[in-house]
Amino acid sequence: MQHQRIKLRWEAIEKENQAIKIAKEQGIKYVPIVFENEDTPKQLLARSRYIIAKKTNEWTPNQKVRAELLFKIYPHLHQAYKHTLEFRNIYEQTSKELAKEQFLNWIEKTKLLKLNDF
């Protein structure tokens, strides 16, 4: 998850740098995209580091707003987040046989979703 978030953040930084360069060449002031929570894309990705490491019931109200926005803009991050939670839930199983079955199913789902970072 963090690898995907960091990759997206570097892409946002590069995109913003290009936009700044173009604005400078045109002699206009660069105004970054600002979301409703007043984060820019690179800020949103930087500030969501701990959000994707926590379960949804552990989020603060600000983190809930940020996560909702993050997952709306980057739906593949939301898919990866949910898949990560599924993996974490396997460890809450008390039956080894059931946990093993769930783990094998999780691996198959990972392949189907083409989540290569997993």
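Worth saying up front: this structure is predicted, and the values here are computed from it rather than measured.

**Section: helix α3 (residues 61–73)**
Given a rise of 1.5 Å per residue, 13 residues ought to cover 18 Å, and the 19 Å separating the end C-alpha atoms of α3 matches this to within 8%. The set of residues buried in α3 consists of Gln 63, Arg 66, Ala 67, Leu 69, Leu 70 and Phe 71. Structurally, α3 contributes buried residues whose contacts are with α2 (41–47) and α4 (75–90).

**Comments concerning unusual backbone geometry**
For Glu 38, which is not glycine, the phi torsion reads 75 degrees and is therefore positive. Counting through the fold element by element, Glu 38 comes out in the loop between α1 (2–26) and α2. A relative accessible area of 64% means that Glu 38 is categorised as exposed.

**Structural notes on the side chain of Thr 110**
Here Thr 110 shows up in helix α5 (residues 96–113). Owing to a relative accessible area of 10%, Thr 110 belongs among the buried residues under this scheme. Once residues lying within four places of it in the same chain are set aside, the contact partners of Thr 110 are His 83, Leu 115 and Phe 118.

**Topic: the confidence of the model for the chain**
When pLDDT is averaged across the chain, the result is 92; 100% of the residues are at 70 or more. When pLDDT is averaged over each element of the chain, α3 comes out on top at 95 and α5 at the bottom at 90.

**Focus: the packing of α1 against α4**
With their axes 10 Å apart at the nearest point, α1 and α4 run at an angle of 165 degrees to one another. Looking at the two axes, α1 sits roughly antiparallel to α4. Note on packing geometry: the crossing formed by α1 with α4 is left-handed. From α1, Gln 4, Arg 5 and Leu 8 reach across to α4, where they touch His 76, Leu 77 and Ala 80. Across the contact of α1 with α4, the residue classes break down as three nonpolar, two polar and one charged.

**Description of the packing of aromatic side chains**
Considering all chains together, one arrives at seven aromatic pairs under this definition. On the numbers, 6.4 Å between centres and 45 degrees between planes, the contact of Trp 59 with Phe 71 is tilted. Residue Trp 59 is found in the loop between α2 and α3, and its partner Phe 71 is found in helix α3; the two are separated by twelve residues along the sequence. Of the two residues, Trp 59 and Phe 71, both sit in the buried class. Each member of the aromatic cluster is reached from another via a ring pair, and the members are Phe 87, Tyr 91, Phe 103 and Trp 106.

**Quick look at the layout of surface pockets**
Considering only enclosed or pocket space, the largest pocket measures out at about 230 Å³ in volume. Lining the largest pocket, in full, are Leu 8, Glu 11, Ala 12, Lys 15, Glu 16, Ala 19, Tyr 30, Ile 33, Pro 41, Lys 42 and Tyr 74. Contributing elements (two or more residues each) for the lining of the largest pocket: α1 and α2. With six residues, α1 is the largest single contributor of residues to the lining of the largest pocket.

Reading the values: the criteria
- Residues numbered from 1 in each chain as written.
- Predicted model: local features only at pLDDT ≥ 70, side-chain atom pairs only at ≥ 80, totals over all residues.
- Heavy atoms only, no water.
- Helix = DSSP H or I, 4+ residues; strand = E, 2+ residues; numbered from the N terminus.
- Expected span 1.5 Å × (residues − 1).
- Buried < 20%, exposed > 50% of the residue type's maximum accessible area, 1.4 Å probe, protein only.
- Contact = heavy atoms within 4.5 Å.
- pLDDT = per-residue confidence, 0-100.
- Axes fitted to C-alpha atoms, helices over the stretch in contact; angles between N-to-C directions.
- Parallel < 35°, antiparallel > 145°, perpendicular 65-115°, else oblique.
- Left-handed = near helix turned anticlockwise from the far one by under 90°.
- Nonpolar A, V, L, I, M, F, W, Y, C, P; charged D, E, K, R; others polar.
- Phe/Tyr/Trp six-rings, centres within 6.5 Å; stacked < 30°, edge-to-face > 60°.
- 1 Å grid on protein atoms, 1.4 Å probe; cavity = no way out; pocket = protein on both sides within 12 Å on 5 of 7 lines; lining within 4 Å.
- Points joined across faces, edges and corners; volume = space filled by probe spheres on them.

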